Amino acid sequence: MAMQSNKKVKLLIVGQTPPPYVGQMMMIESLVHANYRNVDVYHTRMNYSQRADQIGKVRLRKVLHLFQVIIDGSYKIFRHRIDVIYYPPGSDRVPLLRDIATLIVLRRFGRKLILVFHASGLCEQVSAWRGIGAWLFRRAFFFPDAAIQKSSLNPPDGEFLKAAAVYTIPNGLADEFQKFQGLKTINSVPVILFVGLMIEEKGVEVLIEAARLLRARGLRFRVEMMGEFVSESYRQEILRRLDDHQLSDWIVFLGRKVANEKWAHFRRADIFCFPSHYRAESFGNVLVEAMMFELPIVATSWRGIPDIVRDGVNGFLAPVRDAAAIAQRLAQLLQDVQLRTSMGQNGRARYLESFTMENYVHQTETVVLEVARKRWAR
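We now turn to the structure provided with this report. Predicted, not measured: the structure shown is a model, and the values here were computed from it.

Parameters and conventions
- Residues numbered from 1 in each chain as written.
- Predicted model: local features only at pLDDT ≥ 70, side-chain atom pairs only at ≥ 80, totals over all residues.
- Heavy atoms only, no water.
- Helix = DSSP H or I, 4+ residues; strand = E, 2+ residues; numbered from the N terminus.
- Rg over C-alpha atoms; globule rule 2.2 N^0.38 Å.
- Contact = heavy atoms within 4.5 Å.
- Patch = residues over 30% accessible without salt bridge, like charges linked within 9 Å, V, L, I, M, F, W, Y side chains within 5 Å.
- Areas by Shrake-Rupley, 256 points an atom, 1.4 Å probe, with all protein chains shown as cover.
- Salt bridge = Lys/Arg side-chain N within 4 Å of Asp/Glu carboxyl O.
- 1 Å grid on protein atoms, 1.4 Å probe; cavity = no way out; pocket = protein on both sides within 12 Å on 5 of 7 lines; lining within 4 Å.
- Points joined across faces, edges and corners; volume = space filled by probe spheres on them.
- Nonpolar A, V, L, I, M, F, W, Y, C, P; charged D, E, K, R; others polar.
- Buried < 20%, exposed > 50% of the residue type's maximum accessible area, 1.4 Å probe, protein only.
- Core = buried A, V, L, I, M, F, W, Y, C linked by side-chain atoms within 4.5 Å.
- Axes fitted to C-alpha atoms, helices over the stretch in contact; angles between N-to-C directions.
- Parallel < 35°, antiparallel > 145°, perpendicular 65-115°, else oblique.
- Pairing = 2+ DSSP bridges.

## Digging into the overall build of the protein
Move 1: The number of helices and strands found in the protein is 13 helices and twelve strands.
Move 2: Taken against the 2.2 N^0.38 rule, which gives 21 Å for 378 residues, the C-alpha radius of gyration of the protein at 22 Å falls within 12% of a compact globule.
Move 3: In terms of overall dimensions, the protein has a C-alpha envelope of 70 × 45 × 30 Å along the principal axes.
Move 4: Sequence-distant contacts, at least 24 apart, represent 77% of the contacts inside the protein between residues at least 6 apart.

Structure below.
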């Protein structure tokens, strides 16, 4: 059937929106509320976790909610005659089991399916699966109509699933800089900002060790760490580590900050540090947020991060788990105000060129339309 020129594609986005306030959920929310020229969006909201410490844990409430998601998604596909389903898989065992149940049902309707890897590494997680689990996984996941990855540097999840087409679309963010432009102050002690889930794999302990090395060199700085701890036990462990290294006056934990309160901390900071080696890291929205606010970045050469941070241009890249290398790059920026300024400006320019919300929505809509038209052209 030929596509009518005035016919809009009906897209069902199945995904969780905040809370908790982590990158994938924030990107789902931005797509749900974006303006499209040729796409009508419907949303089946996942609401499995309300806090960071609930992510990936099995609870009875989550099992019941799984049925709600399947029923709501099925109803909307049938009621609104959905053309394309947008689905972001997890990359750990528990979310993948949930995804298997959801996709096996939703794919029975015969709609086009786009799998979007906001979390990377699915292929690494399931490659060793055998038996009934592997069979169910294939039924649910294999041969989607398209796959979207956040970076070509990430594991080849789309190819692994034999997607008919694989696209690379980096995330994009709405520009918040102008509202806070006048808030910038000259800090007597430079502020190093970290934003992310407080978990070892995000580089929390690497940054703490780097701070210890910087302090031993006699450098003046303050580290602000923003985000929710993955558990209370891990928070207590980190606080004990700060006491052991006498860093309690050098590192502060801000907790979760959102909206204007969050942006104010970005604007007042001098350097952004993100030493992640998180297995499911696919992009790192916080890096784009830092670039938006003209912050030079020290990060790791991990997953899609080098697609955002150009080493020596808008920041520095270091090997994963290498606190000494992170400390060395931070020291370089702490001691050179002009370098901080130039790298921050380069980052802002790169954000405007490649990572705006307008670019992100346009690229996503283009893929959705292309996938839908392939169905109608049969």
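## Some points on a nonpolar patch on the surface
Move 1: Taken together, the side chains of Val-58, Leu-60, Val-63, Leu-64, Phe-67, Ile-71 and Val-94 make up a nonpolar region of the molecular surface, amounting to roughly 690 Å² of accessible area.
Move 2: Among the elements that make up the nonpolar patch, the one with the highest residue count is helix H2 (residues 60-80) (five residues).
Move 3: Counting through the fold element by element, Val-58 comes out in the loop between strand S2 (39-46) and H2.

## Some details on the layout of surface pockets
Rolled over the atoms, a probe sized like a water molecule indicates the empty space that remains.
Move 1: What the second largest pocket holds in volume is close to 330 Å³.
Move 2: By residue class, the composition of the lining of the second largest pocket is seven nonpolar, five polar and five charged.

## A closer look at the pattern of salt bridges
Move 1: Considering all chains together, one arrives at 16 salt bridges under this definition.
Move 2: Note that Lys-112 and Asp-145 form a salt bridge whose closest N and O atoms lie 2.9 Å from each other. Placement of the pair is Lys-112 in strand S4 (residues 112-117) and Asp-145 in the loop between helix H5 (131-141) and strand S5 (146-149), with a sequence separation of 33 residues. For the pair Lys-112 and Asp-145, one class covers both residues: buried.
Move 3: Between Arg-241 and Glu-205 there is a salt bridge, with its nearest N and O atoms 3.1 Å apart. Residue Arg-241 is found in helix H8 (residues 232-244), and its partner Glu-205 is found in helix H7 (residues 204-216); the two are separated by 36 residues along the sequence.
Move 4: Since its relative accessible area comes to 29%, Arg-241 is described here as partly exposed.
Move 5: Assessed through its relative accessible area of 16%, Glu-205 is described here as buried.

## Remarks on the nonpolar core
Move 1: Core analysis: the biggest nonpolar cluster contains 93 residues, and Ile-114, Ile-192, Leu-214, Phe-266, Phe-272, Leu-287 and Leu-330 have the highest contact counts within it.
Move 2: Those residues in contact with Leu-214, other than ones at most four positions away along the chain, are Ile-192, Leu-219, Phe-221, Ala-327, Leu-330, Ala-331 and Leu-334.

## A few points about the packing of helix H11 (residues 323-334) against helix H12 (residues 337-354)
Move 1: Orientation of H11 relative to H12, taken along the N-to-C sense of each, is 105 degrees, at an axis distance of 6 Å. The angle between H11 and H12 places the two elements in the roughly perpendicular class. Together, Gln-332, Leu-333 and Leu-334 of H11 and Leu-339, Arg-340 and Met-343 of H12 make up the contact between the two elements.

## Brief notes about the sheet that holds strand S7 (residues 191-195)
Across a sheet, strands are paired by hydrogen bonds formed along the backbone, either parallel or antiparallel in direction.
Move 1: The strand order across the open sheet built from six strands is S9-S8-S7-S10-S11-S12, with neighbouring strands paired in parallel fashion. With one partner strand each, in any of the chains shown, strand S9 (251-255) and strand S12 (315-318) form the two edges of the open sheet. Adjacent strand axes in the sheet meet at a mean angle of 20 degrees when their direction is disregarded.
Move 2: For strand S11 (residues 297-300) and S12, the ladder comprises four bridges, and the chain directions are parallel. Looking at the pairing, Val-298 lines up with Phe-316 of S12.
Move 3: Contacts from H7 reach S7, strand S8 (222-226), S9 and strand S10 (271-274), with the element oriented near 170 degrees to S8.

## A short note on unusual backbone geometry
Move 1: Here Pro-18 and Pro-19 are connected by a cis peptide whose omega angle stands at 0 degrees.
Move 2: Of note, Pro-19 is situated in the loop between strand S1 (9-16) and helix H1 (23-32).
Move 3: Following Pro-19, the chain continues to Pro-20 via a peptide bond in cis, the omega torsion being -10 degrees.
Move 4: Tracing the sequence through the fold places Pro-20 in the loop between S1 and H1.
Move 5: At Arg-81, a position not held by glycine, the phi torsion is positive, near 55 degrees.
Move 6: Position of Arg-81 among the secondary structure elements: in the loop between H2 and strand S3 (84-87).
Move 7: Of note in this structure, Ala-259 is not a glycine but carries a positive phi near 55 degrees.
Move 8: Residue position: Ala-259 is located in helix H9 (residues 259-268).

These figures capture arrangement, not role.
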